[in-house]
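Analysis of the macromolecular model
Listed below are the residues making up each chain.
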Amino acid sequence: MSSARLLAVDRKLLAEEIQRHLIRGFLILALIVAYATLFIFCAHEVGPTIRIFAGAYVVLAAFFWGLPGGLTVAILNIAVQVALHDIVHLPMEGGPLGPISILLLGGIAGKMRDMAVDTKRELLRRLRAEEEMRKTRDLYQTVILSASDAILIMDPKSREIVDVNPAAAQMYRRTQHDLQGTSIDELSTNPETIDAILAQVRPGERRNIPLRFHRRSDGSIFPVEISIGRFNVDGRDLVCGIVRDITERHQQKIETERFRILLDHAAEAVVISDPSILGQIIDVNARASGLLGYSREELLKMRIADIEVEFPVRTQEEWISHIAQLRSAGRPVTVEGIHRRKDGSTYPAEISVSLVRFLDAEYVLGVVHDVTERRRLEADLLQSRTMAQEANRAKSLFLATMSHEIRTPLNAVLGYAELVARTNLNTEQQEMLLGLTASGSALRGLLTGLLDVSSVEAGGIRLNQEDFDLLDLIEQVRLTFAERASVAQIKLEWSVDGKTPRRVHGDRTRLLQILTNIIGNAVKFTKQGSVRVSFGLDRAASGSGLRVVVADTGIGIAEEHQDSLFSLFHRANTGLDGAGIGLYLARTIARTMGGDVTLAGSTARPPDMISKRGATFMIQVPLTVIESLAPQPRALTARSCRVLLVEDNKVNAKILEALLVGLGAQVALAASGKESLRAVSIQDFDLILLDLGLPDMEGLEVFQQMRASNVTVPIVALTAAALESDRERCLDAGMSDYAAKPIGSDGLAEILNRWCS
């Protein structure tokens, strides 16, 4: 019965009850009036009528009031009749049976009325109970149909599924009809445990089952959480299982456990803090606990400021601002700090701080690295570097000192050798003098090479760019090695491409050094045959570079030495002359200029075999071609070049004077700075050759005083201080040129041609 119908029944019963009360009141009133009328007007003739009225009255009372009402009215009626009989001698109809019949009539009618009322009440109660049950059933059906979890009703004996909700069909990817009648074993991955679980659940109880895995229709496995209850329906034992798919939660748990494993096995200390609470530590790994000396539980009650000695963030507002900066940075920020351990000791730390998201939550992740050992290594490295710098300075000082001390007497040796060579000598004397000159020149080259190596180690070779005549330089190199090749009795083949530019811009001195080293090696290591030198354009340098190929028929270079040929102090054959400096410097200088020196080919041969096999080197140096070249100074005569030679060493002064005079110059000597200042004050000169190591004054000081005295002629530093820094110091001070001792007539002639006019 619907609720609307039940409401209609209630309303009808209420209307009937009201109607009965009205009729009952009206009838009682009518009977009272009738009794009174009969009693007053016709008391002696109403015996039968009173009995009729009394019976009707009792029946009506029983109908309206039930058994108690019927009996009460019957007794009242009998009492009235007895009273009438006693007062007015009204005869009692039926004798003693009259009252008894009235009582029976009232009792029977009242009982029948009560039974009818009870029947109606029971019917109404049942109707209401059925409606409440229907409402409850509809409510539970609505809940079951709308539930997101799967609900399975199962017979525990047969283990068959009796009923399911739509969520179950969706979860297992089967229809509801298909699931009904299916054994629960088809859904579970471990059906052998089902009986044991069901045995633990009693009727009316509920039980939560730990993690289980179920199987869908496609065979896929997924984790579930189950709550089961046992109940009885119409004498039938059933089990209700509520199944929840916890795939996402299970995956989060796996990720959390994986994160914990990775965290605890990380080599670095990791501290995770809450971005919403000022430096509150919410997790750490085992490495952080061991590094700081606190247990994990202790650290979770602490803040970053408790372990950071100088934590810069002090207030919640500053912390929020700090988090905002990390968020805007979008990358880890590395900071340094000092951390305090539980025992009070501290250590330097490098912390990589970043904001990370994990399982839809944001955290501040700090990866802490104890840099104690690194700081110690840095300090040791700094100390080692300082010591190395000191050693390098000591080495440079040693080289400068030894170079100066060796160059001064070497200048005398080579100078005297050159002067002696101009005298009349017999053949044996000429050979001895030639050996002396060669040895002195080799020693001079070795000193120059060592100083260049020192310059490279100190930070590189400085280039001096200038305009020069390339063809003139090539011819100068040819004349130099033509004499050496002739003495060595080997053939020197020389070729210059007609397209080779004449006017170029570059470092003339360094190019000359490269050519001298490479060609000099070819001549030195060729005992028979020839040395072929070819000059041309370097196409790789857009037509403005110089390419030189030097090929010899010498001893060649063994394959095992070719890879390390250009290394410093490398010697391919320990039985040969050389310090292993020339090739290293040639390549270093060429690469500094933007070019290179390479071994183009080599075939070594045993010393006892005569073969024209040898080595081929290629030189590539970029040069800038220019349209015109500054006019070259003309050669001077003795009458046109007046030279002031400032030299404190008497031997060197005598030799240099002789060489200059031999070149046609007029020479005046000064043995100190003061003498040179007096000389320029009383006489005019075309050129001043100034030694830097004077006994009374520093050479640069003499230069500055000369310039202050309006001495405008070229002043060239002529000194045994041959370091690159010495050259730079002189040129930066404003001196016209720089020349290192020992120097012969060729070097002096070049200076005269360059600066005298």
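What this report covers is the structure whose coordinates are included nearby. In this text the structure is predicted, and so the values were computed from the model without any measurement.

**Observations regarding empty space enclosed by the protein**
Overall, the coordinates contain three cavities of 30 Å³ or more when judged by the stated rule. Its volume calculated, the largest cavity comes out at about 280 Å³. Mapped by element, the contributors of at least two residues to the lining of the largest cavity are β1 (150-155), α6 (194-199), β3 (206-215), β4 (221-233) and β5 (236-245). Looking at the lining of the largest cavity residue by residue, the classes come out as 13 nonpolar, five polar and one charged.

**Quick word on the sheet that holds strand β18 (residues 624-625)**
Within a sheet, neighbouring strands are paired by backbone hydrogen bonds and run either parallel or antiparallel to one another. If you walk across this open sheet you meet the three strands as β11-β13-β18, and the pairing is antiparallel. Two strands in the sheet have a free side with no partner beyond their single neighbour: β11 (466-469) and β18. Sheet topology note: the strand β13 (residues 503-506)/β18 ladder contains two bridges and is antiparallel. Each residue of the ladder has a partner; that of His-505, found in β18, is Thr-624. Sitting on the sheet, helix α14 (residues 470-488) is in contact with β11 and β13, with an inclination near 60 degrees to β11.

**A closer look at the pairing of strand β9 (residues 346-358)**
Note on strand geometry: in a regular strand, side chains alternate between the two faces of the sheet. As judged from the eight bridges shared by strand β8 (residues 333-340) and β9, these two strands associate in the antiparallel manner. Across the sheet, Gly-337 pairs through a bridge with Ala-349, a residue of β9. In textbook terms, the turn of a hairpin is the stretch between consecutive antiparallel strands, and for β8 and β9 this stretch comprises five residues, one of which, Gly-344, has a positive phi near 95 degrees. Two strands pair when backbone bridges link them, and β9 and strand β10 (residues 361-370) are joined in this way by 10 bridges, in the antiparallel orientation. When the sheet's bridge partners are listed, Val-353 is paired in β10 with Gly-366.

**Remarks on the packing of helix α18 (residues 650-662) against helix α22 (residues 745-755)**
Between α18 and α22, the shortest axis-to-axis distance is 10 Å and the interhelical angle comes to 60 degrees. As the angle between them shows, α18 and α22 are arranged oblique. At the point where α18 passes α22, the crossing takes the right-handed sense. In this structure, α18 uses Leu-656, Leu-659 and Leu-660 to contact α22, whose residues at the interface are Ser-745, Leu-748 and Leu-752. Partitioning the contact of α18 with α22 into residue classes produces five nonpolar, one polar and no charged.

**A word on the packing of aromatic side chains**
Summed over the entire model, instances satisfying the criterion amount to three aromatic pairs. Pairing Phe-311 with Trp-319 gives two aromatic rings, centres 6.4 Å apart and planes at 50 degrees, and the pair type is tilted. Each member of the pair, Phe-311 as well as Trp-319, carries the same accessibility label: buried. A ring pair is formed by Trp-494 and Phe-535, whose centres lie 5.3 Å apart and whose planes are at 45 degrees; its orientation type is tilted.

**Quick word on the pattern of salt bridges**
This model, assessed by the stated rule, comprises 29 salt bridges. Two residues, Asp-195 and Arg-159, come together in a salt bridge whose shortest N-O distance is 3.0 Å. Highlighted residues: Asp-195 in helix α6 and Arg-159 in the loop between β1 and β2 (160-164), separated in sequence by 36 residues. Among the residues examined, Arg-159 registers a relative accessible area of 14% and is labelled buried. Note that Arg-502 and Asp-469 form a salt bridge whose closest N and O atoms lie 2.8 Å from each other. Linking Arg-502 in the loop between β12 (491-496) and β13 with Asp-469 in strand β11, this pair joins segments that are 33 residues apart in sequence. Accessibility expressed as a relative area gives 40% for Arg-502, which makes it partly exposed. According to the relative accessible area criterion, Asp-469 is buried, its value standing at 13%. Each of Arg-508, Asp-737, Glu-750 and Arg-754 takes part in one network of salt bridges that share partners.

The rules we used
Residues numbered from 1 in each chain as written. Predicted model: local features only at pLDDT ≥ 70, side-chain atom pairs only at ≥ 80, totals over all residues. Heavy atoms only, no water. 1 Å grid on protein atoms, 1.4 Å probe; cavity = no way out; pocket = protein on both sides within 12 Å on 5 of 7 lines; lining within 4 Å. Points joined across faces, edges and corners; volume = space filled by probe spheres on them. Helix = DSSP H or I, 4+ residues; strand = E, 2+ residues; numbered from the N terminus. Nonpolar A, V, L, I, M, F, W, Y, C, P; charged D, E, K, R; others polar. Pairing = 2+ DSSP bridges. Contact = heavy atoms within 4.5 Å. Axes fitted to C-alpha atoms, helices over the stretch in contact; angles between N-to-C directions. Parallel < 35°, antiparallel > 145°, perpendicular 65-115°, else oblique. Left-handed = near helix turned anticlockwise from the far one by under 90°. Phe/Tyr/Trp six-rings, centres within 6.5 Å; stacked < 30°, edge-to-face > 60°. Buried < 20%, exposed > 50% of the residue type's maximum accessible area, 1.4 Å probe, protein only. Salt bridge = Lys/Arg side-chain N within 4 Å of Asp/Glu carboxyl O.

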